[in-house]
Structure formats: structure tokens, C-alpha cells
Amino acid sequence: MAKLGKTNLDSGWIAARSTEIHLDGIQLTTTHPPSLSSNSSNWIEAVVPGTVLGTLLKNKQIPDPFYGLENDAIIDIADSGRDYYTFWFFTTFKCAKSANQHVDLNFRAINYSAEVYLNGHKKILPKGMFRRHSLDITDILHPDGNNLLAVLVHPPDHPGIIPPEGGQGGDHEIGKDVAAQYVEGWDWMTPIRDRNTGIWDEVSISVTGPVKLTNPHLVSSFFDNYTRVYLHSTVELENRSARIAECSLNIQVSTELEGNMFLIEHHQTSNLSIPPGAHIDYTLPQLFFYKPNLWWPNGTGKQSLYNVEITVEDKGFGESDSWSQHFGFRKIESSIDNATGGRLFKVNGQPIFIRGGNWILSDGLLRLSKERYETDIKFHTDMNFNMIRCWGGGLAERPEFYHYCDIYGLLVWQEFWITGDCDGRGVPVSNPDGPLDHGLFLICARDTVKLLRNHPSLALWVGGNEQTPPDDINKALKNDLKLHPLFKFPTDTSNSLKRFDDPSKYLDGTRDYIQGSMWDGFANGKGDFTDGPYEIQNPVDFFKDDFYNYGFNPEVGSVGIPLAATIRATMPEAGWKIPLFKKLPDGYIEEVENPIWKYHKYIPYSNPKKGVSDQIELYGLPKDLDDFCEKAQLVNYIQYRALLEGWTSRMWTKYTGVLIWKTQNPWTSLRGQFYDHLHDQTAGFYGCRSAAEPVHVQLNLATYFIEVVNTTADELIDVAVEASVWDLDGTCPYYKVTDNIFVPAKTTQTTIEMKYPKTKNAKPVYFLLLKLFKWSNKAILSRNFYWLHLPGGNYKLLEPYRKKQVPLKIISDVMIRGSTYKIDMTLQNRSKTTNMETVRYRNHLSTTEDLDMGESFSEEKRKTGLLHRVYRSFSKPSNEGSKVVETNGMDSGVAFFLRFCVHSTKKNTKEGEDTRILPVHYSDNYFSMVPGEKMTVTITFKLPPGVTPRVTLLGWNYEEAHSVY
């Protein structure tokens, strides 16, 4: 008897090009099963889930398409023909079922169509990249339990041709299929040569009894100010037997406590009869909860999750099938805001100011692992973002992606597979009626809704990117995704439940569907191209009245050069040449990049047409790659902090939200990113992290007034702002502490003017440190450090400042759990200054434990779930205490632009080898410290096998890396 449940088939696969195999699927799965043993074999180890290119790369049959210009060495499907990328995939599996068991073979997604052969039997997987397939293989399993499986996967029907000039979506032919459109290349992406052909998502077998349970739909409804909550659930049940199935359907809701213990909140059983061969929808009786823990987005509260388990038992068999998933009680609403015209999101009745980013996909070869997804999502919440937009030219993201969005509190805007470039608005105009098969598009859309709808992080469905779906598709989606009355109209009491159908009977019914990314509260709301811009800006412009005229910008982008180490790791030496800085007659600088940078879609740090001087040259012409990339990080930090602070300065008065284009790239691109494809963060990452704090102090660069931002649901009382200016000589010529400030909830409050630049002896370049603190206990709620120059000036005086030797003391405290390291680095700037009054308040950052921010913050800080339990399980190495390192130096001043980096110290390291351990999570990086200041940075990472970690500290004043652990 086989074990009930799902078994993933994710290992033991081999693959071969179809044109090189002269056997059919029946032969491969009966008399002539392939193997790797023969020297003349055309079969190679396969990557499943994955793509054909991923398999070829694993076997070194192609160069790395993301390295240098190597992608040009790989034949494109337009030149090779579809047969070249049509591949066989083969594996074996064991499954010996009992007489009353049923077995399904499941493909969660393939691209684009396939023929499946199992033990000599053929089945067809129809077209479409975003649909699930489940094949009943009960009657074709081998009696001895050993099964042979072969899958012939065909590429998209319309892979298109890449024009010499590239373009957005190539020649747009891919838009005729229901598939990811980015694969023909974009202005940030090189073409994917196989168009992502392959078994790109999970493959499994599932064993059930006579009754199969599928597609549960969970919905929560809220009444009496969220104190009375009902859980609604509907499931699909199929009786595969030839008799009436007398069933018990059980639902259990539990919550996780300390020490791997669970509290069962509800357990309920319903009895029903299912006729032989019938497929029915069954709605369970609703469950009542009083004041359940709610799920909140990042920055507003705890991400409370319950575990919901549904099982069906057949009296003639026993437990027949089961399903479980984490579920969060929350209500998401959105509407067009009267004050701004932007779309306003509310979660559990609280307005949420949206600060987030656009997302294509994690990896262009669809190497989509749980580990990579977790890093991606945690990086976004590390930046204090609360929304991510899954762009319409990419994927319908996978359940693992949504799982981590649920855990970390990231709202998701999910688009369907329409883009203006490929579906009617491109140059030249193509596919005005969208994909050729509208029925297929709707099949994929409806199945995607069923796959993802139970995730609390999913906030919005959108028809397409900068375009709406064709009229018939749009009309069908509007109807399919219409809101249930409980979510469309205000309801005060649970009596409303009696007036309407159970909401779990809807396909979704709980979140809005918007027809396109520039409609109905996004951009100008009418579909005109009013998103953007996408290039470098003068930081002050983000604060100006005329920068952006609409309430919610779904796309605004800029630069994104990574570290020099990443350039060296992803390009040959020819790609290490920095751009030529060409001075134009009007005095502006034009950057001329090398061919490899151009191939990797570099955008410059100057914009003469928009009156933006080269922002790197403001620090002096770069000498080499390291100097260029370090100065670029200074620009990255300022650029993206200013972008978010400019938007937040007008929170609710002009704007309801902004999404940055983009947060990352699915390959080694050189634009629009906060971390690179290797998972190392740029300084822009930490500029965003600072600007998007729930409680934040900032300088309005247009008015030079200091503002306090409170995005929380609780008012700020008993707080004040300390402003100190530090010059390059290490003295503090300006110091100011405000009176007690009151900041209402969900408000940006203007406080005092920063008058230093107007003083008689203002220095050309200076540092500004802002601190928002509690009067009662001096706990610091927000800290924000600026480097500034006088109007019309530049930062070139920072170049000689590199020679300043500012002494630091670094104490490292290490905790280890398995292969995971958690290191607290406590730093102190040991230099002295003549006016130490400026450090009279606590000069180390307090944790949120010092805050008294009301229920939303106190709920968050009392987290006792999975993430906090992990940290409590760390242990200190038995042979190691705290390590203290002091840097030499006698100069007084700011320790400027410091960053930690973690390296491996494994033996036999090759010269020039990239020794970084990635990914690493830093609580802060690219930070600066004034004299006497003390702060702690927490570093967390997983250690690869066979290496020893080494943590280094670098900075503007510390060009040589200091080993601190």
C-alpha cells in the first residue's frame, strides 16, 4: 500500500534533444529505457524543475548566458528552429498502490506543451505556461511498482525573432502565446535563447483513496470592528469509485505556540454522500472566531498565520485525502482616494502607504528554489517595503514565493500575462487582440487564481502591464473576479451573512481586479503612459511639486551599478573598464560605456537632456573600477533615499504610494536594482531601508525643513528631533534640539528649518545627522545621516577626506545554530571633538523594545513565531568570547560610508576568485558614525560546507579591508 499524500519527483531526471533520439515515447518507457551509462548516449543529467538551458548549462554544453557576452554564443531558437529546443525528459519512480488507492501524476507548470509517456501509455499536456496538469495514472502503473516516465516538451508556438536593435519583447511574437513575454528581451534583459522551454515547476505524484480533495477556497469575513470573524471554506471533491462514498469532511484550525506546540482553535466534522463518479463543490459550515490574531503587512504589525487542515474520510476506506496551508485573517480593500486620485489600500481597516517595488522573476533560467525565494522576499522586507508588483511580462508567481510573502508581510500585486509592448501598444504595434487563444488565456488565469487565492499576502489582480486585456478577456476577468457583497459594501453585523451566498463559493471575491497598471487609481488612471521616469534624477527633484502629478506611480526607476566584485565575477576583464566621461559643449558629461556594459543594459549616472549632471563625477572623476563602483554606491544611496523620502513627504496629501522599477534583475543586469543577481546588496538597498522606516526623520531637500514621518496607526508623543552638523575637520558647527513634538498617526509632520546652509561660514561639504528620540528615556526611534554640499557645489572635498584616520572599536559577538551564523557587531567611533554636547543623548540605536508605539508596534515586537524561535535557538561557540578589534587613527571626524562584507577562507582559493559568502542579511550597511557614536549591526548568513567565515570592514576612510572577525 502506497503512503497517502504527495511525493515530489525532483531528482534522477535525464534529458536529451528530441532530434538526437530515434525512439518514441512508448519505446522509451517500455523496451528501451535510456540511461547515462553508455559512452555514446545522447542523454545528460537534467534539471527538473527547470528549463532546457538550465539543463545544458549544468552539463557545460553551453557557456553561462549571464556572464559577459556569452549569451551571444548560444544559438537562439529563432535561428535553430523549435525542434532544437524540443527535449525529452526521463525519470523512474516507485509506486505500488493498493486496490482502492488512486494515483495522479501532477505537473504544476510546463512550457509550453508536452506529451507524457508512462509505462508505454501516452497522455497529452495541452498548451499554456501557467496552468496545472493532473493525470490519473492509477490504471497504468506497473504492477511491480517500478515506473518509467518520459516527457517530450515543446517550446512556445511563437518564439519570435530578436531584431538587431533588440527592443521590448523582441518582435512581440511571444505575445501570441500564453507565456512569459520577457524571454524575447527587454531594455533590462537579454533574450532567453530557449524561451524558458521545460518542465519549469514542480512535478509530483499524489496518492489518495477513493475520494480526492482539490482547490479549497478559504475566506474570512469581519464584523464589529474586526472582533467577530468567520472562516468560510469550499472544496472540490471527486468520488472516483463506483459506489456512493459516505464521507466525513474535517476542518481543523490551529495556531503555533512556543516549543513546537500547537493550539487547536477549531475542529469540525461534516458528513456527506457523494454519488459514484461525481465531482462536486461542497461548502463547509462557517467557523466563528472571536478576536483572532490578524495578519498585517510589513511595518504595521505581526504576520499572524494559522494552520488550516482539511481531510476527507471515506467510511469504506478511511482517510482518503488531505490538504493544509497557512492562512492569515485579514481584509484588504482598495479604492480611488478622493484627495489624491491615487489608489488607496487598506488592510484591516487601516490605510497603508505603499512603498515597494516591481518584480520580474527571481532567475531568468527559472532556477526557482525555496532558498532563493526566501532571500528575495526577506531582502524586500529588510528594505521596509510593504508591496511587490509581479509585472505582467514575467510569471504568475509560484506558491513558494507567496509563502514567504505571507511570512514576511509583503503585499503582492499580481498581473496576468499582458504587456503594452507585446499586446497592442508596442513599436511596431503587434497583437492588438492579445494572445491568439483567448480561451486558453482564461483557463490559465482561472487556474492561477485557484492556485494562489488562499495567500493573505495576495492583494490585487491586474489585467496587464501598461495595457488592458482584449475586451472579451477583460470582461470575463471582471466577472470572474467580481467582489462578493461582503467585500464590496460596508457591513456592520454578521446578519449580513444570511443575505448572501457563502463568499468561498466565488472564484475569489475578496480582492479587487484592475484592468491595467495605469488605470483606476494608478498613474493618471486613464491608461496613458504616465508612469516613470526611469533614469537618474537630481535628488532634490523628488521633493518638488511638479515631479510627478498623480497619486500612485506604479513604475519609477533609476540606476543600479553593483559592487566591483560583482562586475569582476560576472564579466571578463574587458568588462572591467569604466565608462568614458565625455564632456559636452554645454558642460554636461556623457558616459560612454564599454560593449559588455552596454549588453548588460547599463544606464548612466548622468542625464544631460534632463539637466542632471553626472552624479558620480560630483565626487571627482573615478580612477578605476573600484573607485567608480564605490562612488556609484554613494549615488545609489542618495538617489533612492531621496526618491522614497520625496514620496513620503507628500503622504496622503499628494500620493498614496509608489513602486520602484525595479528591485532586482533576473540576470546580471546593470540597471534598476537594489541587489545583484548574486544576492549582494547595493547601497541603494540601505537608502530605501532608511527612507521606508515606519517611523522616520528626514530632510526635505527642496525646503530644508526637517520632517517626521509616522506611517503607523499610533500617534507619536513625547518625541523630539536632534540635528547636528559635522564638518570635514571633525567639529560640530551647528546643533539643534526641537521642543516636544506631537505627530498624529499616518502623518508626515514638518518641524524646524535646517538653517545651517544659510549661515555665514557654512562649509562647502558637510554631514548632517538627524535623530528622532523619546524625551522620557532618550531612546532613538529613527536615525538618518546625510552628506550634503552647498547649492551649486559638489562633493569633491570628500576625496582628500579619504586620508582621515578615524579610530574605531569593533566588538563582535557570535552565535551559531547549525550552519547559520548570527554576529552582532558593536562599533564605536573613538574620535573626540571639542563640543561633545552633541552626543549627550544615547548614541547607540535602540531596538523597538524601547518604543511605546501602541498595539500595532507592541504586537509586532512580541513575535513568538517561527522566525523569533529560530534566533532563540542560537548558541555561542564554546571556545570563543567576544572579539575586540581597534583600528589605528588619531584623526577626529565622521567614519564615513562603512560597510561589512563576509568572505570565505577556504583553502586553495584561486587568484581573483570571488570569495564573498552570499547572501548575507545586514541590519544596516553603508552607514556612517559621528565622533563618540556607538551602534550595533547584526549580520546573519548560512555558511557553505568546508569554509571558515571572515568578516571585513571597509569604508571611505578605510580603503584597505579590516578583518574584524
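Thresholds applied
- Residues numbered from 1 in each chain as written.
- Predicted model: local features only at pLDDT ≥ 70, side-chain atom pairs only at ≥ 80, totals over all residues.
- Heavy atoms only, no water.
- 1 Å grid on protein atoms, 1.4 Å probe; cavity = no way out; pocket = protein on both sides within 12 Å on 5 of 7 lines; lining within 4 Å.
- Points joined across faces, edges and corners; volume = space filled by probe spheres on them.
- Nonpolar A, V, L, I, M, F, W, Y, C, P; charged D, E, K, R; others polar.
- Helix = DSSP H or I, 4+ residues; strand = E, 2+ residues; numbered from the N terminus.
- Buried < 20%, exposed > 50% of the residue type's maximum accessible area, 1.4 Å probe, protein only.
- Contact = heavy atoms within 4.5 Å.
- Phe/Tyr/Trp six-rings, centres within 6.5 Å; stacked < 30°, edge-to-face > 60°.
- Lys NZ or Arg CZ within 6 Å of the ring centre and 35° of its normal.
- Patch = residues over 30% accessible without salt bridge, like charges linked within 9 Å, V, L, I, M, F, W, Y side chains within 5 Å.
- Areas by Shrake-Rupley, 256 points an atom, 1.4 Å probe, with all protein chains shown as cover.
- Salt bridge = Lys/Arg side-chain N within 4 Å of Asp/Glu carboxyl O.
- Pairing = 2+ DSSP bridges.
- Axes fitted to C-alpha atoms, helices over the stretch in contact; angles between N-to-C directions.
- Disulfide = S-S within 2.5 Å.
- Parallel < 35°, antiparallel > 145°, perpendicular 65-115°, else oblique.
- Left-handed = near helix turned anticlockwise from the far one by under 90°.
- Core = buried A, V, L, I, M, F, W, Y, C linked by side-chain atoms within 4.5 Å.
- Expected span 1.5 Å × (residues − 1).
- Polar contact = N/O pair within 3.5 Å; in protein donor to acceptor, adjacent residues only side chain to side chain.

Trainee: Before we go on, may I ask you to explain empty space enclosed by the protein in this structure?
Mentor: Rolled over the atoms, a probe with the dimensions of a water molecule shows which regions are left empty. For the structure shown, the criterion picks out 7 cavities of 30 Å³ or more. By volume, the largest cavity is sized at about 120 Å³. What lines the largest cavity is a set of 14 residues, among which Asn 298, Gly 299, Arg 355, Asn 386 and Thr 711 lie closest to the centre. For the lining of the largest cavity, the residue count by class is 5 nonpolar, 6 polar and 3 charged. Quantified by volume, the second largest cavity comes out at close to 100 Å³. Forming the walls of the second largest cavity are 14 residues, and the residues nearest its centre are Leu 218, Phe 327, Arg 330, Thr 510 and Arg 511. Per-element tally for the lining of the second largest cavity: the top contributor is strand 11 (residues 211-223), with 4 residues.

Trainee: Would you take a moment to explain the environment of Lys 623 for this structure?
Mentor: In this fold, Lys 623 is placed in the loop between helix 10 (595-599) and helix 11 (625-649). A relative accessible area of 58% means that Lys 623 is categorised as exposed. Placed 617 residues apart in sequence, Lys 623 and Lys 6 show a C-alpha to C-alpha distance of 58 Å. Filtering out sequence-adjacent residues up to four positions away, Lys 623 remains in contact with Ile 578 and Glu 799.

Trainee: What exactly am I supposed to notice about helix 5 (residues 399-408) here?
Mentor: Helical geometry: 3.6 residues make up each α-helical turn, so side chains three or four residues apart lie on a common side. By the criterion of burial, helix 5 is predominantly enclosed, with 9 of the 10 residues buried. Residues of helix 5 that are buried: Pro 399, Glu 400, Phe 401, Tyr 402, Tyr 404, Cys 405, Asp 406, Ile 407 and Tyr 408. Taken from the residues just after helix 5, Gly 409 is the one with a positive phi, measuring 85 degrees.

Trainee: Could you clarify how one ought to interpret the packing of aromatic side chains in this entry?
Mentor: What characterises a pair of aromatic rings is the spacing of the ring centres plus the angle enclosed by the ring planes. For the structure shown, the criterion picks out 65 aromatic pairs. The interplanar angle of 65 degrees and the centroid separation of 6.1 Å between the aromatic rings of Phe 66 and Trp 667 together place this pair among those described as edge-to-face. Separated by 601 residues along the polypeptide, Phe 66 in the loop between helix 2 (52-58) and helix 3 (77-80) and Trp 667 in the loop between strand 29 (657-661) and helix 12 (683-691) bring together distant segments of the chain. Measuring from ring centre to ring centre gives 5.1 Å for Tyr 306 and Phe 329, while their planes differ by 80 degrees; the resulting arrangement is edge-to-face. Of the two residues, Tyr 306 is situated in strand 16 (residues 306-314) and Phe 329 in the loop between strand 17 (318-327) and strand 18 (332-336); the sequence distance between them amounts to 23 residues. The class of Tyr 306 is buried, set by a relative accessible area of 3%. On the accessibility criterion, Phe 329 (0% relative accessible area) is buried. We note Arg 568 situated over the ring of Trp 576; from NZ or CZ to the ring centre the distance is 5.6 Å. A cation over an aromatic ring shows up here: Arg 641 above the ring of Trp 787, its NZ or CZ 5.9 Å from the ring centre.

Trainee: What should I look at first to understand a nonpolar patch on the surface in this one?
Mentor: On the surface, Leu 257, Met 261 and Leu 263 cluster together into a nonpolar patch covering about 280 Å² of accessible area. With respect to the helices, strands and loops of the structure, Leu 257 is situated in the loop between strand 13 (245-256) and strand 14 (262-274). On the basis of relative accessibility, which here comes to 38%, the residue Leu 257 falls in the partly exposed class.

Trainee: Just to check I follow, could you spell out the sheet that holds strand 18 for this structure?
Mentor: Read across the sheet, 3 strands follow the order 18-19-20 without closing on themselves; strand pairing throughout is antiparallel. Strands at the two margins of the open sheet, each flanked by one partner only, are strand 18 and strand 20 (350-352). Here the average twist between neighbouring strands, direction ignored, is 35 degrees. Alignment of strand 18 against strand 19 (residues 343-347), held across 5 bridges, turns out to be antiparallel. Across the sheet, Ser 335 pairs through a bridge with Leu 344, a residue of strand 19.

Trainee: Explanation requested: the state of the cysteines in the structure shown.
Mentor: Joining two cysteines, a disulfide is a covalent bond between their sulfur atoms. For the structure shown, the criterion picks out 0 disulfides. Here Cys 422 stays unpaired: no disulfide links it, and the sulfur of Cys 444, its closest cysteine neighbor, is 17 Å away.

Trainee: Got a minute to help me understand the packing of helix 11 against helix 12 in this structure?
Mentor: What describes two packed helices is the angle between their axes and the distance between those same axes. At a minimum axis distance of 7 Å, the contact between helix 11 and helix 12 shows a crossing angle of 30 degrees. With respect to each other, helix 11 and helix 12 are oriented roughly parallel. At the point where helix 11 passes helix 12, the crossing takes the right-handed sense. Listed contacts from helix 12 to Gln 633, Asn 636, Tyr 637, Tyr 640, Arg 641, Leu 644 and Glu 645 of helix 11 are Ala 683, Gly 684, Tyr 686, Gly 687, Cys 688, Ser 690 and Ala 691. Per-class residue counts for the contact of helix 11 with helix 12 are 7 nonpolar, 5 polar and 2 charged.

Trainee: Even after reading the chapter, I still don't get the pattern of salt bridges, so can you show me in this structure?
Mentor: In a structure, side chains of opposite charge can pair up when their charged atoms sit close to one another. Evaluation of the coordinates by the stated rule reveals 48 salt bridges. Residue Lys 758 is joined to Glu 753 by a salt bridge in which the shortest nitrogen-to-oxygen separation is 2.6 Å. Salt bridges linked by common partners bring Lys 6, Arg 108, Asp 201, Glu 202, Arg 398 and Glu 400 together as one network.

Trainee: Please explain the sheet that holds strand 8 (residues 133-136) as it appears in this structure.
Mentor: Strand pairing in a sheet takes place through backbone hydrogen bonds and is either antiparallel or parallel in direction. Taking strand neighbours across the sheet as the criterion, the 4 strands line up as 1-10-5-8 in an open arrangement whose pairing is antiparallel. This sheet does not close on itself; its edge strands, each paired only once, are strand 1 (5-8) and strand 8. The average undirected angle you get between the axes of adjacent strands in this sheet is 25 degrees. Of the strand pairs in this sheet, strand 5 (residues 102-107) and strand 10 (residues 203-208) are connected by 6 bridges, and their pairing is antiparallel. Following the sheet pairing, His 102 is matched in strand 10 by Thr 208.

Trainee: How should the nonpolar core be read in this particular structure?
Mentor: Among soluble globular proteins, nonpolar side chains are generally buried collectively. The biggest cluster of nonpolar side chains holds 245 residues, and the ones touching the most others in it are Trp 787, Leu 798, Phe 896, Phe 900 and Ile 939. Per element, the largest residue contribution to this core is 13 residues, and it comes from helix 11. Residues in contact with Ile 939, not counting those within four places in the same chain, are Tyr 821, Lys 822, Ile 823, Met 825, Phe 900, Val 902, Val 920, His 921, Tyr 922 and Val 951. Judged by nonpolar contacts, the second largest core, of 30 residues, contains Leu 237, Leu 249, Leu 287 and Ile 310.

Trainee: Looking at this structure, I do not really get helix 11. What am I missing?
Mentor: For helix 11, built from 25 residues, the straight-helix expectation of 36 Å at 1.5 Å per residue is met to within 8% by its first-to-last C-alpha distance of 35 Å. Counting buried residues along helix 11, 23 of its 25 residues qualify, which places the element largely inside the surrounding structure. For helix 11, the N-terminal cap is Asp 624; the gap from its side-chain oxygen to the backbone nitrogen of Asp 626 is 3.3 Å.

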